[in-house]
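The chain contents come next:
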Amino acid sequence: MIDSHSRDRTVNSLRFHCTSKQIVDLYKNASLGTPPTVGKHRLYLLPVSERNGRLGDYRDAKQFGDLQSNLGDALTFGVGPQGQPWVYKNYITGLDAGGPLVYAPKSFVDHKPAWSADFVRDFAGLPVSTHEYRQLTPTVWIGRDFLGPGSVTSPPRQGSAIAIA
């Protein structure tokens, strides 16, 4: 159950009670809203694994998300090198190089607006990971995490889902 008054209830529902398809649909139906506020926010990897437009096995996606959560469990929204909005991934080894937080008029998923962060700096210029975020409730954002290069006309072929609270 998505509860606009309870961050914990919403995150719990996304992690343990929604199917992969429901999570993808919630992202598609979420409004752009405002970007996450400046500061450190808990990152939850949701049980979604998508490749070439097809959803993978829920259990495998859940296990992978739980494993990957051990490497990093937060995002820090702040200011970048030139004073622009920036997003850093919090890994067990510390903050990464991060990437700019920008308004994307067309998401990879449905061509609707989203907030986006490209983490190309994390991997010496290789386009490995891009996030898209939309506001689900006043305190929870739902997002997609895409692997590999992509554009609106040729989106990345692999993706997962995340919640930020």
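The model shown is predicted, which means the values in this text are computed figures rather than measured ones.

**What about the pattern of salt bridges?**
And then number 1: Evaluation of the coordinates by the stated rule reveals six salt bridges.
And then number 2: One salt bridge connects Asp3 with Arg9, and the closest N-O pair in it is separated by 3.6 Å.

**Description of the side chain of Thr76**
And then number 1: In this structure, Thr76 sits in strand S3 (residues 72-79).
And then number 2: Thr76 sits in the buried class, given a relative accessible area of 18%.
And then number 3: A polar contact is formed between the side chain of Thr76 and the side chain of Asn90, at a distance of 3.0 Å.

**Thoughts on the environment of Gly65**
And then number 1: Among the structural elements, Gly65 can be located in helix H3 (residues 58-68).
And then number 2: Assessed through its relative accessible area of 3%, Gly65 is described here as buried.
And then number 3: The spacing of Gly65 and Gly143 is 78 residues in sequence and 14 Å in space, taken between C-alpha atoms.

**Some points on the confidence of the model for the chain**
And then number 1: Residues at a pLDDT of 70 or more form 100% of the chain, whose mean pLDDT is 92.
And then number 2: The lowest-confidence element of the chain is strand S5 (residues 94-95), averaging 85 in pLDDT; the highest-confidence one is helix H2 (residues 20-29), averaging 97.

Criteria and cut-off values
- Residues numbered from 1 in each chain as written.
- Predicted model: local features only at pLDDT ≥ 70, side-chain atom pairs only at ≥ 80, totals over all residues.
- Heavy atoms only, no water.
- Salt bridge = Lys/Arg side-chain N within 4 Å of Asp/Glu carboxyl O.
- Helix = DSSP H or I, 4+ residues; strand = E, 2+ residues; numbered from the N terminus.
- Buried < 20%, exposed > 50% of the residue type's maximum accessible area, 1.4 Å probe, protein only.
- Polar contact = N/O pair within 3.5 Å; in protein donor to acceptor, adjacent residues only side chain to side chain.
- pLDDT = per-residue confidence, 0-100.

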